[in-house]
Every structure is written in C-alpha cells, then in structure tokens.
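Here are the chains, one letter per residue:
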Amino acid sequence: MGGTASKLAKDLLSEYQELTFLTKQEILLAHKRFNELQGRENGPYSSRVSMEKVLTLPELKSNPFRKRICHVFSTSDMKDGSLSFEDFLDLLSAFSDSATLEIKSHYAFRIFDFDDDGTLDARDLEKLVNCLTGETDDTRLTAEEMRQLISNVSLHD
C-alpha cells in the first residue's frame, strides 16, 4: 500500500472482522481495491465510489444483476448505487464463501425484488427473466412466452 492514509486503522480492521464474514487479509485487499476504484492508492479517499466505477470490477462486469446489486448494497441518500467502504465490505461479505445461507438468501431476495416492496411478484419475475435472457429481440421472451412462464411459476404457497 502507499502512504499512511491508505492504511486501515487496527481498531477499524478488528471491527470490520467482527461485523463481516471476511478475513483480515480480505478486508485489507478490499480496502486497497476500494482506494484503486477511487483512482488514488494514497488516500484521503472520498466517502463513496460511483456505481459506474464499481461496475468495472471483473467480478461484476458480466453479472446480469450488477446494477441491482449496487443499488441493494448502497446506503446513499441519493439512491445512485454509489458505495461507501462499509457498503463495499457488506457486498463482499454477503458474497463470500463464509457467509451464511440466511445472509445469501436475504440479499438474493432483495436483489430480485426490483421494486423494493418486500414481495416477489410477476413484475419482479419479468425483470429477473429479462436480466437473465438479455434485452435484445433475439434473446428476449415474447409477451406470450413471458405470460406462460409467469403463470407456470407459483408465486403463492
């Protein structure tokens, strides 16, 4: 790492280890990557990284839900999908191998709940399918195919 500003304080590092499913090394690597996303390896870093910069990460680049993931983990009052370092750690922690099934399913639900209303309905399912199949005419389901798919999926008990 660069100068002292890019180093993570020991007390913060310990706190992050307690609050996430990440190891000390993973947190330090996340801190380095966060600084790199900001375009500076030697702080001081701004409090947030734009969604556009986060989407350049190789792990998210080809994920069909990449924008939705940023919005779910972002605590920005602007609702712009930007991430603070703590948001970034939450994202990495939820997707880590050490995260519990309960945490993973909680965030999967939130990612698929496109309208953030606490339920997965036909509109959410349609958006989910469109994310998976793509938005082009060649890959997108027809209206009839989508209707049939949604009617075949039980959204109730």
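No experiment lies behind these values; they were computed from the predicted model shown.

Engineer: Go over the side chain of R68 with me, naming the residues and quoting the values.
Structural biologist: Topologically, R68 is positioned in helix 5 (residues 66–73). Relative accessible area serves as the criterion here: at 12%, R68 is assigned to the buried category. Within the structure, R68 has its side chain in polar contact with the backbone oxygen of I111 (distance 3.0 Å). For R68, the contacting residues outside a window of four places in its chain are R110, I111, D113, F114 and D116.

Engineer: So what's going on with unusual backbone geometry? Which residues, and what values?
Structural biologist: A positive phi is found at K79, a non-glycine position, where the angle reads about 55 degrees. Along the chain, the position of K79 falls in the loop between helix 5 and helix 6 (85–94). For D116, which is not glycine, the phi torsion reads 55 degrees and is therefore positive. Tracing the sequence through the fold places D116 in the loop between helix 7 (101–112) and helix 8 (122–133). Residue classification places D116 among the exposed positions, given a relative accessible area of 54%.

Engineer: Please provide a residue-by-residue account of the packing of helix 8 against helix 9 (residues 143–152), values included.
Structural biologist: Here helix 8 crosses helix 9 at 120 degrees, and the two axes come no closer than 10 Å. Classified by the angle between their axes, helix 8 and helix 9 sit oblique to one another. Crossing of helix 8 over helix 9 shows right-handed handedness. Residues A122, L125, E126, V129 and N130 of helix 8 lie in contact with helix 9, whose contacting residues are M146, L149 and I150. Tallied by class, the residues present in the contact of helix 8 with helix 9 amount to six nonpolar, one polar and one charged.

Calculation rules
- Residues numbered from 1 in each chain as written.
- Predicted model: local features only at pLDDT ≥ 70, side-chain atom pairs only at ≥ 80, totals over all residues.
- Heavy atoms only, no water.
- Helix = DSSP H or I, 4+ residues; strand = E, 2+ residues; numbered from the N terminus.
- Buried < 20%, exposed > 50% of the residue type's maximum accessible area, 1.4 Å probe, protein only.
- Polar contact = N/O pair within 3.5 Å; in protein donor to acceptor, adjacent residues only side chain to side chain.
- Contact = heavy atoms within 4.5 Å.
- Axes fitted to C-alpha atoms, helices over the stretch in contact; angles between N-to-C directions.
- Parallel < 35°, antiparallel > 145°, perpendicular 65-115°, else oblique.
- Left-handed = near helix turned anticlockwise from the far one by under 90°.
- Nonpolar A, V, L, I, M, F, W, Y, C, P; charged D, E, K, R; others polar.

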